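Spelled out, the chains give:
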Amino acid sequence: NIEKRMDFIREKITEEVKSDKNGGKLLFRFPPEPNGYLHIGHAKSICLNFGLSQEFENAGTNLRFDDTNPTKEDQEYVDAIKEDIEWLGFNWVGEPKFTSDYFDQLYAWAVQLIKEGKAYVDDQDANTIASQKGTPTTPGTNSPFRERSIEESLELFEGMKEGKFDEGTRVLRAKIDMANANMHLRDPFLYRIIKKAHHRTGTTWSIYPMYDWAHGQSDYIEGITNSLCTTEFEVHRPLYNWFLDQVADKDKVRPEQTEFSRLNLNYTVMSKRKLLQLVEEGVVNGWDDPRMPTVSGLRRRGYTPTSIRNFAETVGITKRDNVIDVSLLEFAVRQDLNKTAPRVMAVLDPIKLVIDNYEEGAEEWLEAENNPEDENSGSRKVPFSKVLYIEKDDFKEEANRKFFRLTLGKEVRLKNAYIIKGESCVKDEDGNITEIHCTYDPLSRSGSGTEESKRKVKGTLHWVSAAHAVDAKVNLYDRLFSDEAPDADKEKDFKEFLNPNSLEMIEGCKVEPSLLDNTAGDNFQFQRLGYFILDKESTPENMIFNKTVGLKDSWAK
Ligand code: ATP
Ligand code: MG
Ligand code: MG
């Protein structure tokens, strides 16, 4: 289904396949650094890189952990990243790969560059080196160590590897051109000294390769044909190619880098560094807090893999940077859950409704359709009895003609049940309504086919039977940030823009008993209220639901 969508990357690949480039084989990769959980921006890249291998023949996608910085990386992140990719519905070729698997080869190539006079050890610290970089319009200054002998660089580089020098005292640099118009070609770093145990290689290494040195070479080692990355790496492409020129064999596949625009979403932050800060400072309850833009947070919020893939497809692949409105993400999940989520009744802010003419102690189990959008979803039975709960704000003693809910003297239908008429209400000494009384029309039962059941009434209310209801807690969410671009102003701390009301936890909600038969992660539509998911910490004794999204876009102007 290549016709399904077209963008400049798919067009390019289609042409490559036609011209039999690389013998018609395609190999992509998704290269996360295991220094945090995946976010919705990564999901865009995953849907592209893994999606392509599903769309094209003779294509695959590698999962490669770009684990070149032991100070920030951890096995926990490796595990979480794998789980998220599989949950999104994608598979990688063979076992996951790790850049750290290539440390020996990368080291050998670095030694080769030194021997060819194309790399040297610089004894200056990073600040000094930065001060010699020049500007985009003025050339940089050569390091005083640039012309040191090959032998000396080889010996020092080995010393760096052996751990003989302190962090920050030396780096290995490529000898390219300190006056090049592209700043990335001004003798970039290949290695720096880091004396920290790596989550896979332990203390074997005291030096770690820089992204630019590791990335293209890892692509080359794996035989990647198309290395797709975001547009901020466009200026790195000449360096990516310079390194390949030094090491690549003419007979082997030469990877080609192509850039596409990153996903930006409003009302959130997406840098892993900032997300980590929110987790570490306890602003949110972990990486999978349902307010987080992480894949695990979206999952816990009730997003489905389909909704995230559809969102990525809607956003599309372009070269142009733009900010996507978060309501597009909400639209995607609402659209998917509308088709798939069973309808149930839950009352979040309950008040008692007593049916005066219904027999005390009697009960009946009424037929309720599970999902009108899905003809295979069947129906279930919901219990009905004399005392029910309805939402407090579904009743007003008196109301104007636009209030289509329950008032005294007027009729409404109870969903899947009967037509009732408001009769009276009981108040406490402060005047708050504590109980509503009504009468029902026994001939008006939904689906009974009687004339009474077909009577048109203005409103339909959801309800649960008090004697059968199950208690539940419900988490309601609002945006985590109240500002559209919380990290736009570099002078300010993005946390200044946190929304203090992003989480509202409500207890004492009443849900229909069929919900006890479900498992964590199941999605529902609470009728008239929105979409909800059974939280992973929910138990039958302590049910917890998270609100995914409302039935309508509450942000639409
Ligand atoms: P962050 O800045 O959040 O730490 P990163 O790019 O450093 O992100 P990586 O783990 O290196 O994180 O990213 C893995 C892949 O995901 C890269 O190929 C990167 O281009 C892609 N990616 C990351 N963020 C986005 C985004 N917002 N939109 C599209 N692709 C993204
Ligand atoms: Mg990165
Ligand atoms: Mg990063």
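A quick note: this is a predicted structure, and the numbers were derived from the prediction, not measured.

Peer 1: Can you walk me through the pairing of strand β27 (residues 543–549) in this structure?
Peer 2: When a strand is regular, its side chains alternate between the sheet's two faces. The element β27 is extensively covered by neighbouring structure, given that six of its seven residues are classed as buried. Note: strand β23 (residues 470–477) against β27, four bridges, orientation parallel. Paired with N475 across the strands is N546, a residue of β27. Sheet topology places strand β26 (residues 530–534) next to β27; four bridges connect them, and they run antiparallel. From the neighbouring strand, I533 faces β27, where its bridge partner is N546.

Peer 1: What's the story with the site of ligand 1 in this structure? I'm lost.
Peer 2: Ligand 1 sits among 15 residues. The nearest are P32, G41, S45, R262 and K272. Elements with a contribution of two residues or more to the shell around ligand 1: α2 (40–55) and β8 (226–230). Considering every element that reaches the shell around ligand 1, the biggest residue donor is α2, with four residues. Tallied by class, residues from the shell around ligand 1 come to five nonpolar, five polar and five charged. Summarising the domain contributions, the shell around ligand 1 has at least three residues from each of domain 1 (2–262) and domain 2 (264–345 + 469–557).

Peer 1: Just to check I follow, could you spell out helix α11 (residues 305–315) for this structure?
Peer 2: Think of an α-helix as 3.6 residues a turn; residues three or four steps apart then line up on the same face. Buried within α11 are the following residues: S307, I308, R309, F311 and A312. Elements in contact with the buried residues of α11: α2, α10 (295–301) and α12 (326–340). Phi turns positive one or two residues past the end of α11, at G316, with a value near 75°.

Peer 1: Sorry, what's going on with the domain arrangement of the chain here?
Peer 2: Reports often express the size of an interface as the amount of accessible area lost when the parts come together. Domains assigned within the chain are domain 1 (2–262), domain 2 (264–345 + 469–557) and domain 3 (349–462). The gap between the C-alpha centroids of domain 1 and domain 3 is 64 Å.

Peer 1: What am I meant to see in the sheet that holds strand β20 (residues 433–440) here?
Peer 2: Strands sit in the order β21-β18-β19-β20-β14-β17-β22 across an open sheet of seven strands; the sheet is mixed. Edge strands, defined here as strands with exactly one partner in the open sheet, are β21 (460–461) and β22 (464–465). For strand β18 (residues 411–414) and β21, the ladder comprises two bridges, and the chain directions are parallel. Counterpart to L414 in the pairing with β21 is L461.

Peer 1: Mind showing me how you'd approach the sheet that holds strand β13 (residues 346–347) here?
Peer 2: Strand-to-strand pairing in sheets goes through backbone hydrogen bonds, with the strands running parallel or antiparallel. The seven strands are arranged β12-β25-β26-β27-β23-β24-β13 in an open sheet whose pairing can be described as mixed. Two strands bound the open sheet, and with one partner strand each, they are β12 (343–344) and β13. Contacting β25 (523–526), β26 and β27, α12 crosses the sheet at an angle of about 120° to β27.

Cut-offs and rules
Residues numbered from 1 in each chain as written. Chains lettered and ligands numbered in written order. Predicted model: local features only at pLDDT ≥ 70, side-chain atom pairs only at ≥ 80, totals over all residues. Buried ≥ 20, exposed ≤ 12 C-beta atoms within 10 Å, placed from the backbone. Helix = DSSP H or I, 4+ residues; strand = E, 2+ residues; numbered from the N terminus. Pairing = 2+ DSSP bridges. Near = placed C-beta within 6 Å. Nonpolar A, V, L, I, M, F, W, Y, C, P; charged D, E, K, R; others polar. Domains from an automatic or database assignment. Contact = placed C-beta atoms within 7 Å. Axes fitted to C-alpha atoms, helices over the stretch in contact; angles between N-to-C directions.

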